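Okay, here's what each chain looks like letter by letter:
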Amino acid sequence: MFSNVESSSYVGFANLPNQVHRKSVKKGFEFTLMVVGESGLGKSTLVNSLFLSDLYPERVIPNAIEKQNMTVKLDASTVEIEERGVKLRLTVVDTPGFGDAIDNSDSFSAILEYIDEQYERFLRDESGLNRRNIVDNRIHCCFYFISPFGHGLKPLDIEFMKKLHCKVNIVPVIAKADVLTKKEIQRLKCRIMQEIEDNGIKIYPLPDCDSDEDEDYKEQVRQLKEAVPFAVCGSTTLLEVKGRKVRGRLYPWGVVEVENPEHCDFIKLRTMLITHMQDLQEVTQEVHYENYRSERLAKSVRKNTNSVIKEDAAVPGESLTEKDRILREKEEEIRRMQEKLAQMQAKFQAQK
């Protein structure tokens, strides 16, 4: 028999978050990260440093002659990471060959095709009969590596980000930051952000904090926003510094500690990725994927409309009421989706 002592003041739905948490932990999490940038910028080392894993155990590094003739290919590596009982199925999509050829005018077409393929596969699975065990391989985040040796963005950087910013969450990263002084890093960051704004490029905007968030979290988000683009260096080598083990790089003048905020933005980049992983997935679903889905349905309706017009012209007087009804329904669905998408994009822009 149930007690009525707390019935007037306590229902029990405050425990719902615990149920969601337990279910999520049991199921595990999926996340797909794409890394793009020229060879030699330390992409693989950084990813291995971020997740303390070796995602590329059998990688063969091509020589200079092989690089000149390389086309961009996509290399997806998946690893299951478990930490304190929480499982993460991490897929890292690398893009060897990007920016290495003499003519790079077509270097991002393979990347665009890959992103669209994942959206198309998800759309097909979502529209199928068995929707329970859909594997989400959509790209949730793209780290775009910028060379520290230039004076800002190259034309290839600008063109690539312009092509992809409506399809994926772009996070700009200054690679090998240990080759620059603090003043040089700050100058380069300002230059890159100015060029991003001048070219109308939309990078991933960190969400604003709610008013009821604690002050420590608000300060953390403020520091992360100020750090963009993140100036990082990676290393999986353990070194001893003043009696403690650190991951870093040894130089004649000292040690660069990867996880020291005074040396680079590695910790900030990792914090951004982990604390906003859910938001990156939601923006992918609600903005980028919905954008792709509405465009895809619009093309399908136009194709069907043209087909109906041809049939109507070929067979005068034939009743097409059923086809007309289906077309009208699809057009109405697209109109609703476009309105919803416009509202989400307006909200997305307002958060910037």
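Residue indices begin from 1 for each chain and proceed along its sequence in written order. Residue-level local features of this predicted model are given only where pLDDT is at least 70; pairs of side-chain atoms are given and counted only at 80 or more, and the full residue set underlies all totals for whole chains, interfaces and linings. Excluded from the side-chain calculation are hydrogens and water; included are all heavy atoms of the structure.

1. Some remarks on the nonpolar core
The tendency in soluble globular proteins is for nonpolar side chains to be buried as a group. Selection rule: What makes a nonpolar core is a set of buried Ala, Val, Leu, Ile, Met, Phe, Trp, Tyr and Cys residues whose side-chain atoms join them at distances within 4.5 Å. Relative accessibility thresholds used throughout: buried, under 20% of the residue-type maximum; exposed, over 50%; partly exposed, between the two (1.4 Å probe, protein chains only). For helices the rule is a DSSP run of H or I covering at least 4 residues; for strands it is a run of E covering at least 2, with both sets numbered from the N terminus onward. By the convention used here, residues are in contact when the closest approach between their heavy atoms is within 4.5 Å.
Phe 143, Leu 269 and Met 272 are the most contacted members of the largest nonpolar core, which has 73 residues in total. With 7 residues, helix α4 (residues 109-127) is the largest single contributor of residues to this core. In contact with Leu 269, not counting residues within four places along its chain, are Leu 46, Leu 50, Phe 143, Val 171, Val 173, Phe 230 and Val 232.

2. Digging into the sheet that holds strand β6 (residues 230-231)
Note the threshold: Strands are labelled as partners when DSSP assigns at least two bridges between them. Structural elements are reduced to axes, namely lines fitted to C-alpha atoms, with helices fitted over the stretch in contact, and the angle between N-to-C directions of any two is expressed from 0 to 180 degrees.
With mixed pairing, 6 strands are arranged side by side in an open sheet as β2-β3-β1-β4-β5-β6. At either end of the open sheet lies a strand with only one pairing partner, and these are β2 (75-83) and β6. Relative to strand β5 (residues 170-174), strand β4 (residues 141-146) is paired through 5 bridges, and the arrangement is parallel. Bridging from a neighbouring strand, Phe 145 pairs with Val 173 of β5. Across the sheet, α4 touches β1 (29-36), β2 and β3 (86-94), and the angle it forms with β1 is around 165°. Where helix α5 (residues 155-164) meets the sheet, its contacts fall on β1, β4 and β5, and the angle it forms with β4 comes to roughly 170°.

3. Digging into the packing of α4 against α5
Which entries qualify depends on this criterion: By definition in this entry, angles of less than 35 degrees are roughly parallel, angles greater than 145 are roughly antiparallel, angles of 65 to 115 are roughly perpendicular, and the rest are oblique. The sense of a crossing depends on the near helix, which, turned anticlockwise from the far helix by less than a right angle, makes the crossing left-handed and, turned clockwise, makes it right-handed. Under the scheme applied here, ten amino acids are nonpolar (Ala, Val, Leu, Ile, Met, Phe, Trp, Tyr, Cys and Pro), four are charged (Asp, Glu, Lys and Arg), and all others, including Gly, are polar.
Close contact between α4 and α5 brings their axes to 11 Å; oriented N to C, the two are set at 20°. Classified by the interaxial angle, the pair formed by α4 and α5 is roughly parallel. α4 and α5 meet at a crossing whose hand is right-handed. Across the interface between the two elements, Ile 111, Leu 112 and Ile 115 from α4 touch Phe 160, Lys 163 and Leu 164 from α5. Here the contact of α4 with α5 is built from residues that sort into 5 nonpolar, no polar and 1 charged.

4. Side note on the pairing of β1
Of all 8 residues in β1, 6 are buried; the element is thus mostly enclosed. Both β1 and β4 contribute to a ladder of 4 bridges, which runs parallel. Across the sheet, the residue bridging to Met 34 is Cys 142, located in β4.

5. A look at helix α6 (residues 182-198)
As a reminder, the rule being used: For a helix, the expected span equals 1.5 Å multiplied by the residue count minus one. The arc in question is formed by the directions pointing from the helix axis toward the C-beta atoms.
When the terminal C-alpha atoms of α6 are compared, their 24 Å separation across 17 residues agrees well with the 24 Å that a helix rising 1.5 Å per residue should span. Within α6, the full set of buried residues consists of Ile 185, Leu 188, Lys 189, Ile 192, Glu 195 and Ile 196. Down the axis of α6, the sector holding all buried residues measures 135°, keeping them to one side. For α6, exposure combined with an orientation more than 90 degrees from the buried face picks out Lys 183, Arg 187, Glu 197 and Asp 198. Against β4, α5, β5, α7 (215-227) and β6 lie the buried residues of α6. Positive phi appears at Gly 200, one or two residues downstream of α6, with a value of about 65°.

6. Some thoughts on the side chain of Thr 95
Note the following rule: For this analysis, a polar contact is any N or O atom pair within 3.5 Å, provided that within protein one partner can donate a hydrogen and the other can accept it, and provided that sequence-adjacent residues contribute only side-chain to side-chain pairs.
Inspection of the secondary structure puts Thr 95 in the loop between β3 and α4. Within the structure, the side chain of Thr 95 is placed 3.0 Å from the backbone oxygen of Val 35, a separation counted as a polar contact. Not counting residues up to four positions away in its chain, the partners in contact with Thr 95 are Met 34, Val 35, Val 36, Gly 37, Lys 73, Leu 74 and Ile 111.

7. Concerning the pattern of salt bridges
Quick note on the threshold: By convention in these notes, a salt bridge is any Lys or Arg side-chain nitrogen within 4 Å of a carboxyl oxygen on Asp or Glu.
The full count for this structure, using the stated rule, is 16 salt bridges. Residue Asp 116 pairs with Lys 167 through a salt bridge whose shortest N-O separation is 2.8 Å. Linking Asp 116 in helix α4 with Lys 167 in the loop between α5 and β5, this pair joins segments that are 51 residues apart in sequence. Judged by relative accessible area, which is 23%, Asp 116 ranks as partly exposed.

8. Section: the packing of aromatic side chains
Stated precisely, the cut-off is as follows: Stacked, tilted and edge-to-face are the three classes assigned to paired rings of Phe, Tyr and Trp, where Trp is represented by its six-membered ring and a pair needs centres within 6.5 Å; plane angles under 30 degrees give stacked, over 60 edge-to-face, the rest tilted. Note on criteria: charge over ring means Lys NZ or Arg CZ within 6 Å of the ring centre, with the direction from the centre no more than 35 degrees off the ring normal.
Per the counting criterion, the structure on display carries 5 aromatic pairs. Judged by centre distance (5.0 Å) and plane angle (20°), the rings of Tyr 144 and Phe 160 are stacked. Placement of Tyr 144 in strand β4 and of Phe 160 in helix α5 is noted, with a sequence separation of 16 residues between them. Centre to centre, the rings of Tyr 251 and Trp 253 are 5.0 Å apart; their planes meet at 0°, and the pair counts as stacked. Note on Tyr 251: relative accessible area 27%, which makes it partly exposed. Among the aromatic residues, ring-to-ring pairing joins Tyr 119, Phe 122, Tyr 289 and Tyr 292 into one connected group. Sitting over the ring of Phe 122, Arg 138 keeps its end group 3.7 Å from the ring centre.

9. Describing unusual backbone geometry
The omega angle of the peptide bond from Val 228 to Pro 229 is -5°, so this bond is cis rather than trans. By the element assignment, Pro 229 lies in the loop between α7 and β6. Residue Lys 176 is not a glycine yet carries a positive backbone phi of 45°.

10. Looking at the sheet that holds strand β8 (residues 244-251)
The strand order across the open sheet formed by 3 strands is β7-β8-β9, and the pairing between neighbours is antiparallel. Each edge of the open sheet carries a strand with a single partner, namely β7 (238-241) and β9 (254-257). Each strand axis lies, on average, 70° off the axis of its neighbour in the sheet, ignoring direction. One ladder, built from 4 bridges, connects β7 with β8; its direction is antiparallel. Residue pairing in the sheet places Val 241 in a bridge with Arg 244 of β8.

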